[in-house]
Amino acid sequence: MKFILSSVASCSNRIGYIKDIERLPGLMLETPMLLLYAKGGSIPHLTYEVLQMVTKDKQPLHIPISTVAHCHEAVTAFRKGIADFTGLKEYFTFCSIHDPAVATPYGFNDKNTISIWPRNGRKQLDPDKYMDMIEAFQPDMYQALCDGDTDLKSSKKRIHKSIDKSLMFFEKCLERHEKSEVLKKSAILGVVEGGYSIEGREKSAKYLADFPVFGYVIDGLHKNGPDVENLTFEDVREILEESLKHLPNEKFRILHGCWNPGTVLSMVELGIDAFDSSYPYTVTERGGALIFQNCINNLNIPSSATDALNAAEPVTDIELKPETSISAQSSSEPPEKKKISTQEASHAEEDKYVVSKTQGHTTESQSSRLNKIYELSLLDEKYAEDFTPLSRSCSCLTCQKHTRAYIHHLLQTHELLGPVLLTIHNLHHYMEFFKSIREAIKSNSLESLKRCVNERNDVS
Amino acid sequence: MPVIGKKTALRFQIKAKCKVSKARSSSMGVIHHEVDTPVFMPVGTQGTLKGLLPDQLEALGCQIMLGNTYHLGTRPGPSVIMKAGGLHKFMNWNRALLTDSGGFQMVSLLKLAEITEEGVKFQSPYNGSEVMLTPERSIEIQNSIGADIIMQLDDVVRTTTTGPRVEEAMLRTTRWLDRCLGAHQNAATQSIFPIVQGGLSKALRTESVKQLIQRDVPGFAIGGLSGGESKNDFWKMVHLTTDLLPEDKPRYLMGVGFAVDLVVCCALGVDMFDCVFPTRTARFGCALTCSGQLNLKQKKYAKDFQPIDEGCDCSTCERYTRAYLHTIVTVEPVACHLLSVHNIAYQLRLMLSIRESIEQQRFPEFVCKFMANIYTNKEYPQWIVDALAAVNIHLDPADPTAEN
């Protein structure tokens, strides 16, 4: 399996692709990439038949181990891995440990194990138990076992523990990985921890940088679940920068969690290559339909030519300053030579093991404001007689064939088709968003896309 | 007798009759679809069929679906459906629809229902207010829903009720039919079926049919069965009723949908069936096959890497194993969708096989083979043996597949 970053001269952001996947030789996956969240091995609410109506593309899947741990014995007997077991053998599979859409209970990890919560109750995993499972599941890509039980509030001591334990787990997993016959076709990812500590991030990333891994998971920023969408980019910016700058530029980077679309864009600018679809899932589960502007609207937004002029002026408060992004062209440069802004460097000295100053940054009104930009709540009584589609410009099956009034009725009556129709739309909308991200990077117009995404969309 | 609704929105044409039993294969043309009968109608209570897209149902070969007037009349309500242009448009289903009258739900779901000559009085479960469902109101709601076939409001009594109440209900059902026909606004596009009542009494059933066939109606429903009576009583009432009903109109047996019941009642001359069973049982992890039911929750399927049914061509059996389904049934909604697809495919394929065997004059053989597959030890329940014998199909325990 190879990860290749395109070195387009005009392009300041990372764009690339994964190819030569051993199990799926014909498949090429472009980055920045959306991994489809597949709880229990299926995309929530979508059978294979309906998934084909959403997209015929073989989108990569994100299967959290915690949601399939109960299948371990059966998949072992099956011998052909988790993708084939769940009926999705044509799909690339990535296995994480925790479920990004569900808050992970904290405080259950002890010295030698971490805890996951599959259906049959708490299960403790040490590196050997974890690797036994990975050997049975044979995912195309997986993360090493880690203790990422940290967030904005974690103490210095807890962060230290998390780093040390994760590094110890990593070495054991890598050792098993390298010895394993069945995992020869799989790629392992190192996991960068360090909570919200600059020094901790540096330590974890620097340690991992020298190992022969396919890429990295940036972990320990949150404990999963819907609350992640309320974290702002400012909450995590410095920590992400610190994590990334010590890692080899040419390797693949995943960040889990249901970040909101504005934050995702800023993270793409920093150099994250893959996200999961727990965000559209979370929106579906609360009866929402994504309606944010997911592509560059040529009518209202200046073209890429004017982007450069406007780039320095933040358009919204979620805006990221462009000079903080790491250049993607420098794949030949050794990691330590990467550009670091002066602002960042000074922070690194001041903030050793200090919880980020931006903690608690997001107020409730801010998050509901964000939700209004990004989604409609179909639970709202005002849609009871609204016979228009969720989004007029959308080409998904739901928008082509069904109305807001019908979906409102299905949600009111708790009918199973409600979340099915919302999933079809929300996944389509979010996959289109990722297409737009890749196009915008290629045409150097990411700033325009950011403005569109964070603009009030007057479709309702 | 009032003769209302001369212009009928339903054409019924018998294509083939079984030369042995009363089974027939027909074509029933309604505004939205040409329906092949005998037909099984899946129940889409609230304007949706258990998580399946209309496109999936069409692909499965579903020709007609049932909606419940009581539920639809409450949510989203007739006004929203009317503004949407009818239920077909509201749910984007382009084939045939049938709605019940709402009366059955009131009596079965609501404790406080009180039946008078005027209608069914009940307390709204939503706001506690007293509501009266009259025959006129039922038709008014069904007119706004716009299903191809609609049901008269009938006076429903428990199947096991005996005494004068059964007769009262039967007679009132006829009076209510006349009020329904009088209130009907869309005779050109919607057809009202009356409902044969009379409990388990031969005399009352006979009288009910005698009264109903004097009205100008395009088809008949057989009501008041499949509610806890013995199978012996059940088949005898169906047999009697189909003997009395005119041959050139469709007969709809309400609430029947177990595979063996479908096969027996087709032999007795029934054309239409509905039942929540295939989709309800899917929710509990149960899959239907030609050799019976599989409960996929059971441990024995944990390492069973076969599809539910090797012989099934549905989208579930094409891709999913029993072992994987075992890990998600009753937990993930996807499992419910996968089993609903399979179970509906099973029911619809069964009906297709019945129609084909009637058309090819091998229905009795089909019935024998079908029963032998279900009852592998050839110990057939007596009621099945008797019911089939009544229409000259003889299950021979010694050699069930023998042709006569």
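On a predicted model such as this, the values are computed, not experimentally measured, just so you know.

Peer 1: With reference to specific residues and values, describe the interface of chain A and chain B.
Peer 2: In this complex, chain A contributes 43 residues to the contact, which on the side of chain B involves 38 residues. Interface area, chain A with chain B, both sides summed: about 3,600 Å², of which 60% is carbon and sulfur. At the junction of chain A with chain B, the criterion picks out 6 salt bridges. Between lysine 50 of chain B and glutamate 415 of chain A there is a salt bridge whose closest N-O contact spans 3.4 Å. Across the contact surface, chain A and chain B share 20 residue pairs in polar contact (both at pLDDT 80 or more). Contributing elements (two or more residues each) for the side of chain A that touches chain B: helix 1 (48-54), helix 3 (72-78), helix 14 (397-401), helix 15 (404-412) and helix 16 (417-442) of chain A. Split by residue class, the side of chain A that touches chain B holds 23 nonpolar, 12 polar and 8 charged.

Peer 1: Give me the lowdown on the domain arrangement of chain B, citing residues and values where you can.
Peer 2: Residue and element names in this part refer to chain B. As assigned here, chain B comprises domain 1 (11-274) and domain 2 (282-361). Relative placement of domain 1 and domain 2: their C-alpha centres are 28 Å apart. Opposite the 30 residues of domain 1 that make contact, domain 2 presents 16 residues. When the area that domain 1 buries against domain 2 is broken down by residue, the three leading residues are Phe40, Lys50 and Leu60, summing to 27%. Our count for the contact surface shared by domain 1 and domain 2 stands at 1 salt bridge. The salt bridge partner of glutamate 359 is lysine 15, with a shortest N-O separation of 3.8 Å. Sorting the residues of the side of domain 1 that touches domain 2 by element identifies strand 1 (11-17), strand 2 (24-30), strand 3 (33-37), strand 4 (39-42), helix 1 (54-60) and helix 10 (259-267) as the ones contributing at least two each.

Peer 1: Summarise the UniProt feature "binding site: Zn(2+)" (unreviewed entry) in chain A; cite the residues concerned and give the values.
Peer 2: All names here are of chain A. Under the present numbering, the feature "binding site: Zn(2+)" (unreviewed entry) in UniProt falls on Cys394, Cys396, Cys399 and His425. Annotated residues spanning 32 residues; largest pairwise C-alpha distance 8.2 Å, indicating a single compact cluster. For cysteine 399, the location among the structural elements is in helix 14. One can find histidine 425 in helix 16. What makes histidine 425 buried here is its relative accessible area of 0%. Ignoring sequence-local partners within four residues, the contact set of histidine 425 consists of Ala289, Leu290, Leu390, Ser391, Cys394, Cys396, Thr398 and Cys399.

Peer 1: Can you explain the pairing of strand 6 (residues 93-96) of chain A? Please cite residues and give values.
Peer 2: All names here are of chain A. Burial along strand 6 is two-sided: the residues Thr93 and Cys95 and Phe94 and Ser96 are all buried. One ladder, built from 4 bridges, connects strand 5 (residues 61-64) with strand 6; its direction is parallel. Note that in strand 6 the partner of proline 64 across the bridge is serine 96.

Peer 1: I'd like a description of the packing of aromatic side chains, backed by residues and values.
Peer 2: In the structure shown here, the tally under the stated rule is 24 aromatic pairs over all chains. Arranged with centres 5.2 Å apart and planes meeting at 80°, the rings of tyrosine 406 of chain A and phenylalanine 90 of chain B form a pair that is edge-to-face. Here phenylalanine 90 of chain B lies in helix 4 (residues 87-91) and tyrosine 406 of chain A lies in helix 15, a pairing that spans two chains. For the pair shown, tyrosine 406 of chain A and phenylalanine 90 of chain B are each scored as buried. On the numbers, 6.1 Å between centres and 20° between planes, the contact of tyrosine 320 of chain B with tyrosine 324 of chain B is stacked. Looking at tyrosine 320 of chain B, the relative accessible area reads 2%, which means it is buried.

Cut-offs and rules
- Residues numbered from 1 in each chain as written.
- Chains lettered and ligands numbered in written order.
- Predicted model: local features only at pLDDT ≥ 70, side-chain atom pairs only at ≥ 80, totals over all residues.
- Heavy atoms only, no water.
- Contact = heavy atoms within 4.5 Å.
- Buried area = accessible area lost by both parts, 1.4 Å probe.
- Salt bridge = Lys/Arg side-chain N within 4 Å of Asp/Glu carboxyl O.
- Polar contact = N/O pair within 3.5 Å; in protein donor to acceptor, adjacent residues only side chain to side chain.
- Helix = DSSP H or I, 4+ residues; strand = E, 2+ residues; numbered from the N terminus.
- Nonpolar A, V, L, I, M, F, W, Y, C, P; charged D, E, K, R; others polar.
- Domains from an automatic or database assignment.
- UniProt positions renumbered as here; feature names shortened; annotations may be inferred.
- Buried < 20%, exposed > 50% of the residue type's maximum accessible area, 1.4 Å probe, protein only.
- Pairing = 2+ DSSP bridges.
- Phe/Tyr/Trp six-rings, centres within 6.5 Å; stacked < 30°, edge-to-face > 60°.

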